[in-house]
Amino acid sequence: MNTLLLVEQGLNGLQLGVMLFLMAAGLTLVFGIMDMINLAHGSFYMIGAYLTATFAPLLDSFVLGVLVALPLAALVGMAVEMVALRTLYRREHLDQVLATFGLILFFNELVRIVWGPQAIFLSPPAWLGGTVEIIPGVPYPAFRLAIIGVGLAVACFLYLLITRTRTGMLIRAGASNREMLGALGVDVKRLYTLVFGLGAALAALAGAMAGPILAVQVGMGESVLILTFVVIVIGGLGSVRGALVGALLVGMVDTMARALLPTLLRAVMPPSQADGMGASLASMTIYILMAAVLAWKPRGLFPAHA
Amino acid sequence: MPDFNKRETWAVLIGLAFLLALPPLADAMGKGFYVTLFTRILIFGLAAVSLDLILGYGGMVSFGHAAFVGVGAYTVGILSWHVFDASPVVTWPAVIEGTENAFVVWPLAALMGGLFALVIGAVSLRTSGISFIMITLAFAQMLFYLAIGLRKYGGEDGIALYTKSELVPAVDLFDRTTFYYVCLAILAAFLVLCRRLVGSRFGMAVRGAKVNERRMKALGFPPYRYKLTAFVISGAAAGLSGALLANAAEFVGPAYMSWQRSGELIVMVVLGGMGSLFGPVLGAAAFLLLEEWLADLTEHWQIFLGPILLFVVVFARRGIWGVIAGPDREER
């Protein structure tokens, strides 16, 4: 195993990590503030990817496509919050799980009706289409570097938003005591809708950035949603910092396992079996990680209201 | 002694009579296809009741229940595959040949379901609330990926079974009606077992742990142990339903363990009525019939199913059984 490959896989892990963070931040914010578990979060990811894949060619610019897609996805998110989820905040988590499970079926079918069952391809902007030589001899796709950059920028933006602004103060206050916040004259309903829209936009951004790497297809949100759950459970529910740490951890572990396990297994079994076994063991690694973390710290690494 | 003054008793009797009469009626009407559909309903009913045992009575929201169904199905599938392949399943420490004897594979499927539930439950029950939902989901995903990795047994494509399990030479499970009645008998037996379980000291302890775990502890009941036992019983029944499903579909694949399947099982329980024994069976019937009916209507049936689920969750809290059994259900 050479160092260059490790560096490349490390960057891939970082890239997956920041994308998972974009997903996890919205999900964990909604969870932390509204005590709401939203399975349909993956649908915003899918919608973001589809909207970008539609507008980018129309506007002849990937960036403009994303800039149009994000507010639209935020609007979809806010509409969903107002129509369907608002009634569920005070319900059991089971009800929320079921209702949002229904939403997944709805959105998958809606996308299938609007865009058809075939996967769509989204190309990265031309100026990010090439590769960059990060260290001599390791060419790395520029677009993936851009994802890392955008993800880290969003992490900084969220940090500043939550710790330095009035909105952030309200968000934090809403997480600890919503009645008190309402009594102080804050429109809690509107705050929730806005946070939900923000979460949807972040998920859509993740989807838009993932579009050129993966195929844009129906159901693409589900696998990433489950990864995101692993992230926020490892990080501690409701904690944005935990989401960041969890996302980077999961991104790294998952990528490394996928890169290394088949090779390691080839040493002990025939290649054809090693590849199959290695791939499925690699898929299992993060769940094993999650089980280990929970066995050690049942509330995750950074519990929000410790 | 059943109490004939209760709506519940009548509902169960009418339901049972309907299920008993269904195959001859369907055949007489030339709609034999309904026998197959209702066999699926009975099998999913068994899985849903097993889930309700922990979900409705124990308050454990297991989002990975399909994993146990899948484990049972794969038990049947793998043993059958080896019969066809004429190779032993295991050569060490003892040689174990594949088999299609239902008296062997069905209990084995239940045993495997229970074993997996023991391991998964032992870890998952350390947590509660959302974390429990997530960790059961994660374990189910692990098994899902493991099944995909089993290249020898078809990997992503699964195993097509060439024969059904054999019960006894005289009972031909290939016969649709016979298989239907076998499934009905198994479901009825499990319901009777559950009825006794729920009313027993053990059942009371599990239900008590749902309401107030700390109080149960103070009373001297270790909730963890009781909950884990319920989890294992539930996993075993789900494994058995998986074995029946494998026989019914003559196919086993990773999709049996997909998280959507787990979600559907929860939907069946809630749709039928959580915390009741017959509700989940009704829920399974309602879900599969709705699916069938909507799929007939339009290929985009899920666009209706989703909002219907949302609607049921928001407005019909007690499910179908709550409507049938009447307002007195909460007291018992």
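Everything below is about the structure printed above this text.
Source: prediction; values computed, not measured. (Residues numbered from 1 in each chain as written. Chains lettered and ligands numbered in written order. Predicted model: local features only at pLDDT ≥ 70, side-chain atom pairs only at ≥ 80, totals over all residues. Heavy atoms only, no water.)

Novice: I tried to follow the environment of Gly272 of chain B on my own but got confused; where do I start?
Specialist: Residues and elements named next belong to chain B. When you line up the elements, Gly272 lands in helix α10 (residues 259-272). Exposure remark for Gly272: the relative accessible area of 0% places this residue in the buried category. Between the C-alpha atoms of Gly272 and Tyr224, which are 48 residues apart in sequence, the distance is 28 Å. Every residue in contact with Gly272, bar those within four places of it in the chain, is listed here: Gly279, Gly283, Arg318, Gly319, Ile320, Trp321 and Gly322. (Helix = DSSP H or I, 4+ residues; strand = E, 2+ residues; numbered from the N terminus. Buried < 20%, exposed > 50% of the residue type's maximum accessible area, 1.4 Å probe, protein only. Contact = heavy atoms within 4.5 Å.)

Novice: Can you help me understand the pattern of salt bridges in this one?
Specialist: Close approach of charged atoms allows side chains with opposite charge to pair. Residues and elements named next belong to chain A. Considering all chains together, one arrives at eight salt bridges over all chains under this definition. A salt bridge links Glu81 to Arg86, with the shortest nitrogen-to-oxygen separation between them at 3.4 Å. In this structure Glu81 comes out as buried when scored by relative accessible area, which is 0%. Owing to a relative accessible area of 26%, Arg86 belongs among the partly exposed residues under this scheme. Between Arg112 and Glu109 there is a salt bridge, with the nearest N and O atoms lying 3.0 Å from each other. Taken together, the residues Arg112 and Glu109, both in helix α4 (residues 93-115) and three residues apart, mark about one turn of the helix. With a relative accessible area of 29%, Arg112 lands in the partly exposed category. (Salt bridge = Lys/Arg side-chain N within 4 Å of Asp/Glu carboxyl O.)

Novice: So what exactly am I meant to see when it comes to the pairing of strand β2 (residues 138-141) of chain A here?
Specialist: Walk down a regular strand and you will see the side chains alternate between the two sheet faces. Residues and elements named next belong to chain A. Here β2 shows one buried face, formed by Val138 and Tyr140, and one open face, formed by Pro139 and Pro141. When strand β1 (residues 131-135) meets β2, the two strands line up antiparallel, connected through four bridges. Bridge pairing links Val132 to Tyr140 in β2. In this structure, the hairpin formed by β1 and β2 is closed by a connection of two residues, where Gly137 is found at a positive phi of approximately 95°. (Pairing = 2+ DSSP bridges.)

Novice: Would you mind going over the packing of helix α11 (residues 279-297) of chain B against helix α12 (residues 302-315) of chain B with me for this structure?
Specialist: Helices that pack against each other are described as a pair by the angle of their axes relative to one another and the distance between those axes. Residue and element names in this part refer to chain B. In contact at an axis separation of 10 Å, α11 and α12 are set at 145° when each is read in the N-to-C sense. The way α11 lies across α12 gives a crossing that is right-handed. Along its contact with α11, which presents Phe287, Leu290 and Leu294, the element α12 presents Phe304, Leu305 and Ile308. A per-class count over the contact of α11 with α12 returns six nonpolar, no polar and no charged. (Axes fitted to C-alpha atoms, helices over the stretch in contact; angles between N-to-C directions. Left-handed = near helix turned anticlockwise from the far one by under 90°. Nonpolar A, V, L, I, M, F, W, Y, C, P; charged D, E, K, R; others polar.)

Novice: Could you clarify how one ought to interpret helix α9 (residues 223-249) of chain B in this entry?
Specialist: For an α-helix, 3.6 residues make a turn, and residues three or four places apart therefore share a direction. All names here are of chain B. The end-to-end C-alpha distance of α9 is 38 Å, a good match for the 39 Å that 27 residues give at a rise of 1.5 Å each. Here α9 lies mainly inside the structure; 19 of its 27 residues are buried. Of the residues one or two after α9, Glu250 is the one with positive phi, at around 55°. (Expected span 1.5 Å × (residues − 1).)

Novice: Hey, could you run me through the environment of Ala155 of chain A in this one?
Specialist: All names here are of chain A. Structurally, the position occupied by Ala155 is in helix α5 (residues 142-164). Counting along the chain gives 130 residues from Ala155 to Ala25, while the straight-line C-alpha distance between them is 8.7 Å. In this structure, Ala155 is in contact with Phe21 and Leu244, ignoring residues within four places of it in sequence.

Novice: Explain the packing of helix α9 (residues 220-235) of chain A against helix α10 (residues 240-266) of chain A to me, please; I cannot follow it from the model alone.
Specialist: All names here are of chain A. Packing of α9 against α10 leaves a shortest axis separation of 7 Å and a crossing angle of 125°. Relative to α10, the element α9 is oriented oblique. Once α9 is placed against α10, the crossing between them reads as right-handed. Each of Leu227, Val230, Val231, Ile234 and Gly235 in α9 lies in contact with α10, whose residues at this interface are Gly242, Ala243, Gly246, Ala247, Leu249 and Val250. Here the residues of the contact of α9 with α10 are counted per class, giving eight nonpolar, three polar and no charged. (Parallel < 35°, antiparallel > 145°, perpendicular 65-115°, else oblique.)

Novice: It is not clear to me how the packing of aromatic side chains should be interpreted in this structure. Could you clarify?
Specialist: We describe a pair of aromatic rings using the distance from one ring centre to the other and the angle between the two ring planes. On inspection of all chains with the given rule, the structure shows 19 aromatic pairs over all chains. Judged by centre distance (5.3 Å) and plane angle (90°), the ring pair of Tyr89 of chain A and Tyr192 of chain A falls under edge-to-face. Of this pair, Tyr89 of chain A sits in the loop between α3 (62-85) and α4 while Tyr192 of chain A sits in helix α8 (residues 188-210); the two residues are 103 residues apart in sequence, bridging distant segments of the chain. Pair check on accessibility: Tyr89 of chain A and Tyr192 of chain A agree, each one buried. An aromatic cluster is present here, built from Phe101 of chain A together with Phe63 and Trp259 of chain B joined pairwise through their rings. Positioned above the aromatic ring of Trp296 of chain A is the side chain of Lys297 of chain A, whose terminal nitrogen or guanidinium carbon lies 5.3 Å from the ring centre. When the ring centre of Tyr256 of chain B is taken as origin, the NZ or CZ atom of Arg261 of chain B, which lies over that ring, is 5.7 Å away. (Phe/Tyr/Trp six-rings, centres within 6.5 Å; stacked < 30°, edge-to-face > 60°. Lys NZ or Arg CZ within 6 Å of the ring centre and 35° of its normal.)

Novice: Please clarify how a nonpolar patch on the surface should be interpreted in this entry.
Specialist: Residue and element names in this part refer to chain A. On the surface, a cluster of nonpolar side chains totalling about 640 Å² of accessible area is made up of Leu58, Leu59, Val63, Leu64, Leu67 and Trp127. When contributions to the nonpolar patch are tallied by element, the ones reaching two or more residues are α2 (41-59) and α3. Looking at where Val63 falls in the secondary structure, it is placed in helix α3. A residue is classified by how much of its surface remains accessible, and Val63, at 39% relative accessible area, is partly exposed. (Patch = residues over 30% accessible without salt bridge, like charges linked within 9 Å, V, L, I, M, F, W, Y side chains within 5 Å. Areas by Shrake-Rupley, 256 points an atom, 1.4 Å probe, with all protein chains shown as cover.)

Novice: Can you help me understand the interface of chain A and chain B in this one?
Specialist: Accessible area lost upon the coming together of the parts serves often as the stated size of an interface. Contacts between the two partners involve 42 residues from chain A and, on the opposite side, 39 residues from chain B. Taking both partners together, chain A and chain B bury about 3,900 Å²; carbon and sulfur atoms supply 79% of that area. It is Leu94, Leu98 and Phe101 of chain A in chain A that bury the most area against chain B; as a group they hold 15% of the surface buried on that side. The interface formed by chain A and chain B holds zero salt bridges in total. Of all the elements in the fold, those that place two or more residues in the side of chain A that touches chain B are α4, α9 and α11 (271-296) of chain A. It is α4 of chain A that contributes the most residues to the side of chain A that touches chain B, 14 residues altogether. The residue inventory of the side of chain A that touches chain B, partitioned by class, reads 29 nonpolar, seven polar and six charged. (Buried area = accessible area lost by both parts, 1.4 Å probe.)

Novice: I tried to follow unusual backbone geometry on my own but got confused; where do I start?
Specialist: Peptide bonds are trans in most cases, and residues, glycine excluded, mostly fall at negative phi. We note that Asp60 of chain A has phi near 60°; this positive angle belongs to a residue other than glycine. Along the chain, the position of Asp60 of chain A falls in the loop between α2 and α3. A positive phi angle, close to 55°, is found at Glu250 of chain B, a residue other than glycine. Mapping Glu250 of chain B onto the fold places it in the loop between α9 and β4 (251-252). Its relative accessible area of 27% is what places Glu250 of chain B among the partly exposed residues.

Novice: Explain the side chain of Ser50 of chain B here, please?
Specialist: Residue and element names in this part refer to chain B. You can see Ser50 is positioned in helix α2 (residues 33-55). Taking relative accessible area as the criterion, Ser50 reaches 0% and is therefore assigned buried. With near-sequence residues (within four places) excluded, Ser50 lies in contact with His65, Phe190, Ser234, Ala237 and Ala238.

Novice: Teacher, can you tell me more about helix α7 (residues 201-211) of chain B here?
Specialist: Taken together, the buried positions of α7 of chain B are occupied by Phe202, Gly203, Ala205, Val206, Gly208 and Ala209 of chain B. For α7 of chain B, the elements touching its buried residues are α6 (176-199), α8 (213-218) and α9 of chain B.

Novice: I keep staring at the side chain of Gln9 of chain A and nothing clicks. Help me out?
Specialist: Position of Gln9 of chain A among the secondary structure elements: in helix α1 (residues 3-34). Not counting the four nearest positions on each side in its chain, Gln9 of chain A is found in contact with Thr255, Met256 and Ala259 of chain A.

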